[in-house]
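Summary of the model geometry
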Amino acid sequence: MKGPSYRSNVDKAIRHYSSLFSLPSYKQVFALLYGENLFLGLSSNMPFSPSLTWFINGILLGNLFFTITLLSDFLMIKTVLKKDVILNFRRLMFLSFSSNLLFAIFTVGANILTSQFSMSIELPIKVISLGYFAALSLRFIVAYSISFTNLIFKFLSGFLQPSLLMASMIVIQMGNLNIYYVSYYLLLPLAFSILSVWLFINLLNKNGMETFGIPSLRLFKAFLADWTENFEQPFEEILEQIGEESDINISLLIFRSKSNKKPIAIIVVPNIHPGPFKNIGSSPLPGLIANSLEKELQCVVSVPHGISGHELDLASQKENKRVLEELVKSLKKPQKFSDKATRFFIVEKNRAKAGCQVFDGCAFLTLTAAPEPMEDLPLELNNFVIQESMKLGFSWVIAVDAHNSINGSLNMNRIIPSIREAAALALKKARELKYAQSVIKVGASKIVPRDLGPKDGMGPGGITAVVVEVENQKTAYITIDGNNMVSGLREKILADIKKIGVDGGEVFTTDTHVVNAIVLTERGYHPIGEISDHNKIIKYVRRAVSRALKRMDLAEIAWSKVLIRGVKVIGEKQINDLSLLTDKVSSKAKKNSVIFPFFAFILIILFCAF
């Protein structure tokens, strides 16, 4: 099976989530920038000889530098960066804080050299010019990598603030120098900065061009636009470009009242993966399906995770819309309803568990390794389950990847064979079961906790409970809108609902990725129960199940499958290459950063020769 290999590469990319950071607030950035400029002013007031005069002049210089920085950044935001998606005023001020820090480091270095050696007045400017080179390089790289403006505007946003700061330092330190000297200390570092940044960027972009025909930093910028501003269009345009077409299946179990023929609940199991993260592609698909069908049919809609991995991430919102339209269209067609159902049972093989209940020739199969950790089950397993069910004479099989147990360790290669065996055993046992002679009852309920949100791991779909009663056996299918669940919580939930009259069942998560890439953790998200109180979650589940029990009604069941052809998905190779590219570019950036010390060394030689 191929699944675990590409998942390990996805994990490498996820680890880079935590390398991105949240910026301080406006007030904090403002305070940091002001304090830094005061320090820079004091450091620039040479010679460094502490006295009241030195202190007053340094404070005045600091306020001058702060004014230059603030006004130049404000000018950029109001002109060339006015419509930029990412580089707003707060981020630009923080960039100025970061680039000024390089100025400050070299200014302190100039002070130390001047105090230790008796040299000409030009020495401090030569040293500070190296800081100017470093500040320019940082700003040019950041502006090129994250700004959506044109190349000239990117240059101006990187050039203006440090150049004004450097020019003021030259005037302060060497006020009587002619234009030749001023140009030398401004233009030479500028030329070297442009050359070094151009070389650095082209080396980084090479990986993306070789893999996808797309510059690596365009991919990074598109990712960052969604990460910081929820602007998904640039990234989805790339996914549409590199994706591939695939036929996908969506299976449905439809429960309706026997008396009034109105739907009670629908369990929708898409063989589409909800990824890759946040609002990109099919990441929000479970919630979108639930909302769309609930509005259309006025019933509870549960969307557990089908067997699929990141290779079946939809490429864009356009594809999501197409899927929703096909689902609604299919549910408007006449369905064949029946009251044929078996009791629910679970078989276990080497700690893997397969639950099964048959509805009018369709086996509803639930798969989990809990409390052993598990992640996305590979698509090959779904193909195996379908083949086995067809051999045994079932009309169809709906297999759910419960996706309900995760902790720090994970060995899917060990788990998958056991799940495969358990699934085969469950299907064989189900084939021998007889349909119940008594009536079937179904109740459903949905709760959306107000105090649990995406940062807690809870998606907008909340918690749904569908309870099916066959021959006095009550089975609860509980779906929580989250990306996996901490190991052990499933068992606590199932034990708790037994106290209110439920005989068994299973707990699923939707694997929604709207919770991904919004918190700075190693995974990039919190599974259900990782930071939330377990008792609170159990309480919400019990409330949902209790409501479902109160709403039990005589019911009939239909199942259907929807085949949607030519859907644009990311694809296994592409998701693998994207994940590897993240790691490659990160490593390459570290290695190629030697470019800047190299050019700085050449600058030193030229300054010494001048």
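All of the points below concern the structure found in this document. Everything numeric in this text was worked out from a predicted model, so none of it was measured.

Considering only enclosed or pocket space, the second largest pocket measures out at about 320 Å³ in volume. Taken together, Phe140, Tyr144, Leu151, Lys154, Phe155, Ser193, Ile194, Val197, Trp198, Ile201, Asn202 and Asn205 make up the full set of residues lining the second largest pocket. Mapped by element, the contributors of at least two residues to the lining of the second largest pocket are α5 (122–146), α6 (151–173) and α7 (179–212). The biggest single contributor to the lining of the second largest pocket is α7, with 7 residues. For the lining of the second largest pocket, a count of residues per class yields 8 nonpolar, 3 polar and 1 charged.

Okay, the side chain of serine 99 next. Inspection of the secondary structure assignment puts serine 99 in helix α4 (residues 89–116). Take serine 99: its relative accessible area is 0%, and that puts it in the buried class. The residues contacting serine 99, other than those within four sequence positions of it, are Ala135, Leu138, Arg139 and Gln161.

Turning to the pattern of salt bridges, a few remarks are in order. Tallying each qualifying case throughout the model produces 21 salt bridges. Two residues, arginine 565 and aspartate 247, come together in a salt bridge whose shortest N-O distance is 3.0 Å. Of this pair, arginine 565 sits in strand β12 (residues 553–569) while aspartate 247 sits in strand β1 (residues 244–257), and the two are 318 residues apart along the sequence. Looking at aspartate 247, the relative accessible area reads 42%, which means it is partly exposed. We note a salt bridge from aspartate 496 to arginine 542, for which the minimum N-O separation is 2.6 Å. Within this pair, whereas aspartate 496 is found in helix α14 (residues 489–498), its partner arginine 542 is found in helix α15 (residues 534–550), the two being separated by 46 residues in sequence. Of the residues examined, arginine 542 reaches a relative accessible area of 36% and is grouped as partly exposed.

Bringing the nonpolar core into the picture now. One finds Phe103, Met166 and Leu239 to be the most contacted residues of the largest nonpolar core, which totals 58 residues. By residue number, the principal contributor to this core is α7, which donates 12 residues. Not counting residues up to four positions away in its chain, the partners in contact with methionine 166 are Phe103, Ile125, Ile128, Ser129, Tyr132, Tyr185 and Leu186. Core analysis: the next-biggest nonpolar cluster, separate from the first, contains 57 residues, Ile267, Ile307, Cys356 and Ile386 among them.

Moving on, we get to the pairing of strand β2 (residues 263–270). Within β2, 7 of the 8 residues are buried, which leaves it mostly tucked inside the rest of the structure. Sheet topology places β1 next to β2; 7 bridges connect them, and they run antiparallel. Residue pairing in the sheet places leucine 253 in a bridge with isoleucine 267 of β2. Remark: 5 residues form the turn of the hairpin made by β1 and β2, two consecutive strands paired antiparallel; lysine 261 in that turn has positive phi of roughly 65°.

The subject of this paragraph is unusual backbone geometry. Omega for the bond connecting glycine 275 with proline 276 falls within 30 degrees of zero, at 10°, which places this linkage in the cis form. Examined against the element boundaries, proline 276 turns out to sit in the loop between β2 and α10 (285–297). Omega for the peptide link from alanine 370 to proline 371 comes to 5°, which places this bond in the cis form. Among the structural elements, proline 371 can be located in the loop between β6 (362–368) and α12 (379–391). Its identity is not glycine, yet asparagine 230 carries a phi of approximately 55°, on the positive side.

Conventions used here
- Residues numbered from 1 in each chain as written.
- Predicted model: local features only at pLDDT ≥ 70, side-chain atom pairs only at ≥ 80, totals over all residues.
- Heavy atoms only, no water.
- 1 Å grid on protein atoms, 1.4 Å probe; cavity = no way out; pocket = protein on both sides within 12 Å on 5 of 7 lines; lining within 4 Å.
- Points joined across faces, edges and corners; volume = space filled by probe spheres on them.
- Helix = DSSP H or I, 4+ residues; strand = E, 2+ residues; numbered from the N terminus.
- Nonpolar A, V, L, I, M, F, W, Y, C, P; charged D, E, K, R; others polar.
- Buried < 20%, exposed > 50% of the residue type's maximum accessible area, 1.4 Å probe, protein only.
- Contact = heavy atoms within 4.5 Å.
- Salt bridge = Lys/Arg side-chain N within 4 Å of Asp/Glu carboxyl O.
- Core = buried A, V, L, I, M, F, W, Y, C linked by side-chain atoms within 4.5 Å.
- Pairing = 2+ DSSP bridges.

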